[in-house]
Amino acid sequence: MQDYLKGLNKQQLIATTTTSKYTRVVAGAGSGKTRVLTSRIVFLIKEFGIDPKKILAITFTNKAANEMKQRIEQQLDGTSLGAHISTIHSFAVKFLRSEIKRVNYPSNFHILDTEDQKSILSEAYKLYDLDKKEFNVNVALDYISNNKIAGISFNVALERAYNYYYETLAKVYKYYMERCHQMYGLDFDDLLLFTNKILKAYPEVRDKWQKRYEYILVDEFQDIDNVQYEMIRLLCNESTSVFVVGDPDQTIYTWRGADVNIIMDFEKNFEGTETIFLNQNYRSTKNILNGANSLISYNKNRLEKELFTENQEGKKIVHFTAANDDLEAEFVVKTIFDLEKEGVEYNDIAILYRSNYLSRAIEKQLMSVKIPYILYGGVRFFDRAEIKDMLSYLRMLTIQDDLSFKRIVNTPKRGIGKKTVDDLFDITRSNKVTMIEAIDLFEGPAKKKLEAFKKMVEDWNKRATKMNVEEIFQMLFDESDYRATLEQSKDPYDGERLENIKELMNDIVSYKNNNPSATLDEYLNNVTLYSDIQADKSGRFVSLMTIHAAKGLEFDNVFIIGMSEYVFPSVRTLDEGITGLEEERRLAYVAYTRAKERLYLTDNQGFSYAASTAKQTSRFIKEIDNQYIQQLGLASYTPNIEIEKIYNPDVSFTITKKSNIKTKYKPADIVVHDYFGEGEVISVENNLYAKIAFGYPHMVRTIVINTPKLRKKGE
């Protein structure tokens, strides 16, 4: 047997040496798919005698492409490779350099990156006098991309616009397209769309490129979208051999166009497909892998497979439920300290979460005990713009500094422009007063607006003397119109900003509970102390990232925090029904299978301001077979309640049949909440949570029964 084939397991060897024209390799997590792809290319060259120039291999990232090239060159004993191995966008550039002249573009067209795109939009915004806060640049870019991919021209988009907002976006779309054409610029969408356009419109070009590549191999096939799939099919003729590798259970990018049905239905489009399963996992212990298997088995739209491993049994998955966010984070940090005592390096530890706002509590704990960490793919919680905005509002009730004033005087928009703020600052410097004091000396068109802002701040200061920190925050959030601005925004990113601000509310409540006599000023000083901690020069740091950012990575020790229902799975995906739920479960599966030796799943029983409900343990923990998981903390407590487990993707897991616990509240009770006001109890769950109908705008809320904020009316 050739050296490059030694060490392959039975299924890997079958995939590497298959003679099938069409092959779909379903490669489970940690099953060695990269080795199979590289070995397959070497096999084609060495055993079949295929000209390397006849091979096209498409990968998901440049890093993966370079890794494959290096491995293949080593296995070919340094012989020049010749095969084209790249991302699909890099291939499109190669194609267009040769063929784009057919649509009257020069071969030296300009490839536009994100900053280039934003520069063009800045021109359009200036031309149409648009505010970037009202017309978010990222939203505009998404709008343009979605229309282009759907084949909707700017003229059609303008015809379909049903209000001023979309009419304006359509005009920006028109400017963008015309400007790109003027400079012969192609963005990343255009690279694919122009390639497909030329392949479809010019049969002689299509025929030439179909003959150029006899073997097409595609990595991460579960993540391709319909535009990419169309290109691959256009490059195929009746004699092309197609070899795709992917895992439907790891399709987690549908939000950016990936379609799990492309890999699921591959054999329908390529008749006679051989499907080969790589089901031996080389990454995780038996307990971690079997736990992940039991989770993903709840999905229905999948190719049935059961991963196995010859690795040791390992430690059980740990599920820890804490009483609140801070205690959950405290458990994680304490466990990290314990791991360090065992000789585990920080860079062998990752903390993953479903959404960026969940990093707040763990960041604070890590910083407080000086554990170095790096946050991948996001901004640190207290550095996020919306968090700084709300902290600036709070500071207007304490030191009223000019930096805070400038940040929020026109946030949200109050018609107070930059020139007004600059003029006010000049008065401040001349008279040695603060900016809010300088309003009395200001003369100009915006004087009434400035006076209205100052009066609002003065009113807040008077009322704040009789409020706790939580109530002050709610007052500022509501009466500044910041909440309404985010809730009514068409910018999809504002949904996450709203979640972040609600998480800040959690932090304030937590701080107040831990420090009952603390003042607002003390809280703000405490927040200021949380400055960045740099990783040391040896690269010793804990990695923090979303689960999406962790795709393709692995760590010896993985913590997944925030494992609460309506957080993970998220409320928004549950609204999408079974399709959204199955994508969330695939995301959990990807998260679990990042772990090699230890996996910790944590949640807490506090109140989630982000989800506006009391927290309950995620179904994705309950779906792990009990023999593979160890329950710690509150998770180890079993109440004396008979419950019936059910499987229903649209509701919670359990239905309480009967309970011996005496309930504090019952349906129809009239209750009073310190912030939400008077309400009527609709239902009570396990004597832990009460669903209560409050008046507008709070409506129905799920409240933790033992919160000191809640009481029966008259008590």
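Computed from a prediction, not measured in an experiment: that's the story for all the values here. In this convention, every chain numbers its residues from 1, walking through the sequence in written order. Predicted model: local features are reported for residues with pLDDT of at least 70 only, side-chain atom pairs are reported and counted for 80 or more only, and whole-chain, interface and lining totals are derived from all residues. As a rule here, side-chain values cover all heavy atoms of the structure and leave hydrogens and water aside.

## Things to note about the overall build of the protein chain
Inference 1: Regarding its fold elements, the protein chain presents 29 helices and 24 strands.
Inference 2: Note on exposure labels: buried denotes an accessible area under 20% of the residue type's maximum, exposed denotes more than 50%, and partly exposed covers the range between, all computed with a 1.4 Å probe on protein chains only. Going through the 715 residues of the protein chain one by one, you find that 54% of them count as buried.
Inference 3: Contacts between residues were defined by any pair of non-hydrogen atoms, one from each residue, lying within 4.5 Å. Residue pairs in contact within the protein chain that sit at least 24 positions apart in sequence constitute 74% of those at least 6 positions apart.
Inference 4: Computed with the Shrake-Rupley method and a 1.4 Å probe, the accessible areas treat only the protein chains shown as cover for residues. On the protein chain, roughly 32800 Å² of surface is accessible, and the fraction owed to carbon and sulfur atoms is 49%. Segments assigned H or I by DSSP are reported as helices when at least four residues long, segments assigned E as strands when at least two residues long, and all are numbered from the N terminus.

## Brief notes about the sheet that holds strand 1 (residues 22-27)
Inference 1: Paired strands, as defined in this entry, are two strands with at least two bridges between them according to DSSP. Spatially, 3-2-6-7-1-8 is the arrangement adopted by the six strands of the open sheet, whose pairing is parallel. Lying at the two open borders of the sheet, with one neighbouring strand each, are strand 3 (84-87) and strand 8 (274-278). The sheet shows a mean angle of 15° between the axes of neighbouring strands, direction not considered.
Inference 2: For strand 1 and strand 8, the ladder comprises five bridges, and the chain directions are parallel. Residue pairing across strands places V25 opposite I276, the latter belonging to strand 8.
Inference 3: Angles here are taken between N-to-C directions and fall from 0 to 180 degrees, while the axes themselves are lines fitted to C-alpha atoms, restricted in helices to the stretch in contact. Relative to the sheet, helix 2 (residues 33-46) contacts strand 1, strand 2 (55-59), strand 3, strand 6 (215-218), strand 7 (241-246) and strand 8, its axis offset from that of strand 7 by approximately 165°.

## A short note on the nonpolar core
Inference 1: What we call a nonpolar core is a set of buried Ala, Val, Leu, Ile, Met, Phe, Trp, Tyr and Cys residues that are connected through their side-chain atoms within 4.5 Å. By size, the foremost hydrophobic cluster in this structure holds 45 residues, and its most contacted members are M390, L394, F405, F473, L476 and L504.
Inference 2: Per-element accounting of this core gives the leading share, seven residues, to helix 24 (residues 493-514).
Inference 3: Within the second largest apolar cluster, 43 residues are counted, among which are I100, F109, W209 and I263.

## Focus: helix 9 (residues 188-201)
Inference 1: Over its 14 residues, helix 9 runs 20 Å from end to end, which matches the ideal 20 Å to within 8%, given 1.5 Å per residue.
Inference 2: All of the buried residues in helix 9 are D190, L191, L192, F194, T195, N196, I198 and L199.
Inference 3: Whenever a nitrogen or oxygen atom comes within 3.5 Å of another N or O atom, the pair is scored as a polar contact, on the condition that within protein one atom can donate a hydrogen and the other can accept it, and that pairs from neighbouring residues in sequence are kept only if both atoms are in side chains. Where helix 9 starts, the residue carrying a side-chain oxygen 3.1 Å from the main-chain nitrogen of D189 turns out to be D187. One fewer than the residue count of a helix, multiplied by 1.5 Å, yields its expected span.

## Topic: the environment of F405
Inference 1: Here F405 shows up in helix 18 (residues 402-408).
Inference 2: On the basis of relative accessibility, which here comes to 1%, the residue F405 falls in the buried class.
Inference 3: Between the alpha carbons of F405 and I436 there is a distance of 7.2 Å; along the sequence they are 31 residues apart.
Inference 4: Non-local contacts of F405, meaning those with residues more than four positions away in its chain, are made with M396, L424, M435, I436, I439 and F453.

## Details of the pattern of salt bridges
Inference 1: Just to be clear on terms, a salt bridge is a Lys or Arg side-chain nitrogen sitting within 4 Å of an Asp or Glu carboxyl oxygen. Using the criterion set out here, one finds 49 salt bridges in the structure.
Inference 2: Residue E503 is joined to R360 by a salt bridge in which the shortest nitrogen-to-oxygen separation is 2.9 Å. Pair noted here: E503 is in helix 24 and R360 is in helix 16 (residues 359-368), with a separation of 143 residues, a long-range link. Of the two residues, E503 and R360, both sit in the buried class.
Inference 3: Within this structure, K33, D219, E220, D223 and K551 form a network of salt bridges that share partners.

## A closer look at the packing of aromatic side chains
Each pair of aromatic rings is reported with the distance of its centres and the angle of its planes.
Inference 1: Working definition: a ring pair exists when centres of Phe, Tyr or Trp rings (six-membered ring for Trp) sit within 6.5 Å. Plane angles under 30 degrees give stacked, over 60 give edge-to-face, the rest tilted. Counted under the stated rule, the structure contains 27 aromatic pairs.
Inference 2: When the centroid spacing of 6.4 Å and the interplanar angle of 85° are considered together, the rings of Y393 and Y482 count as edge-to-face. Of this pair, Y393 sits in helix 17 (residues 385-395) while Y482 is found in helix 23 (residues 482-488), placing the two residues 89 residues apart along the sequence. Of the two residues examined, Y393 and Y482, each falls in the buried class.
Inference 3: Members of the aromatic cluster, joined through ring pairs, are F135, Y143, F154, Y162, Y164, Y165, Y166 and Y173.
Inference 4: The criterion for a charge sitting over a ring is simple: Lys NZ or Arg CZ within 6 Å of the ring centre, and within 35 degrees of the ring normal. In this structure, R212 is placed above the aromatic ring of W209, and the distance from its NZ or CZ to the ring centre is 4.0 Å.

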